[in-house]
Amino acid sequence: MLIDDDDMGGEAEVKPSGTEGMSRVVGAFGKDGGLRPTSDLEMYEINREWLHETVVGLLKPMLNKTAAQVLDPDLSLLGSMPTSASA
């Protein structure tokens, strides 16, 4: 999860705690982030297929090559950007 807190900012891992209704937060390098109410945590999931289609659709008009190639689930080759000649 992402934390926007003065003491601990950035990514943190959410783990179960021994207290009902509470979750334990562990920051980078095992830093203890304390307990937080589970009801305060929200989970989001990104539909990767939709995101890929949307990004490719928006970038395609700006690319020289129209074919998109998925190299890895987290990496796609979309072509090359046109270069402008500088004087």
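Residues numbered from 1 in each chain as written. Predicted model: local features only at pLDDT ≥ 70, side-chain atom pairs only at ≥ 80, totals over all residues. Heavy atoms only, no water.

Draft legend 1. Quick peek at the overall build of the protein chain. Secondary structure summary: the protein chain contains 1 helix and 7 strands in total. Listing each helix as α and each strand as β along the protein chain from the N terminus yields β-β-β-β-β-α-β-β. Put simply, 14% of the contacts in the protein chain that link residues at least 6 apart link residues at least 24 apart. Carbon together with sulfur atoms contributes 54% to the accessible area of the protein chain, which is approximately 7,500 Å² in total. (Helix = DSSP H or I, 4+ residues; strand = E, 2+ residues; numbered from the N terminus. Contact = heavy atoms within 4.5 Å. Areas by Shrake-Rupley, 256 points an atom, 1.4 Å probe, with all protein chains shown as cover.)

Draft legend 2. Representation of the pairing of strand 5 (residues 32–37) in the model. As defined by bridge partners, strand 4 (residues 22–26) adjoins strand 5 across 5 bridges and the pair is classed as antiparallel. Within strand 5, the residue paired with Val25 across the bridge is Gly34. Hairpin connection from strand 4 to strand 5: 5 residues lie between these consecutive antiparallel strands, with Phe29 at a positive phi of about 60 degrees. (Pairing = 2+ DSSP bridges.)

Draft legend 3. The arrangement of the side chain of Ser23 in detail. Along the chain, Ser23 falls in strand 4. For Ser23, a relative accessible area of 8% corresponds to the buried category. A polar contact of 2.9 Å, which involves the side chain of Ser23, links it to the side chain of Thr38. Once residues lying within four places of it in the same chain are set aside, the contact partners of Ser23 are Val14, Lys15, Ser17, Gly34, Leu35, Arg36, Thr38 and Leu41. (Buried < 20%, exposed > 50% of the residue type's maximum accessible area, 1.4 Å probe, protein only. Polar contact = N/O pair within 3.5 Å; in protein donor to acceptor, adjacent residues only side chain to side chain.)

Draft legend 4. Focus on the environment of Phe29. Position of Phe29 among the secondary structure elements: in the loop between strand 4 and strand 5. On the basis of relative accessibility, which here comes to 89%, the residue Phe29 falls in the exposed class. Here the alpha-carbon distance between Phe29 and Ala12, two residues 17 residues apart in the chain, equals 9.6 Å.

Draft legend 5. Expanded view of the pairing of strand 4. Note: strand 3 (residues 13–16) against strand 4, 4 bridges, orientation antiparallel. Its bridge partner being in strand 4, Pro16 is matched across the sheet by Ser23. Joining the antiparallel neighbours strand 3 and strand 4 is a turn of 5 residues, in which Gly21 adopts a positive phi near 80 degrees.

Draft legend 6. Fine view of a nonpolar patch on the surface. A contiguous nonpolar patch, built from Ile46, Trp50, Leu51 and Val55 and spanning about 410 Å² of accessible area, is present on the exposed surface. Position of Ile46 among the secondary structure elements: in the loop between strand 5 and helix 1 (48–59). (Patch = residues over 30% accessible without salt bridge, like charges linked within 9 Å, V, L, I, M, F, W, Y side chains within 5 Å. Salt bridge = Lys/Arg side-chain N within 4 Å of Asp/Glu carboxyl O.)

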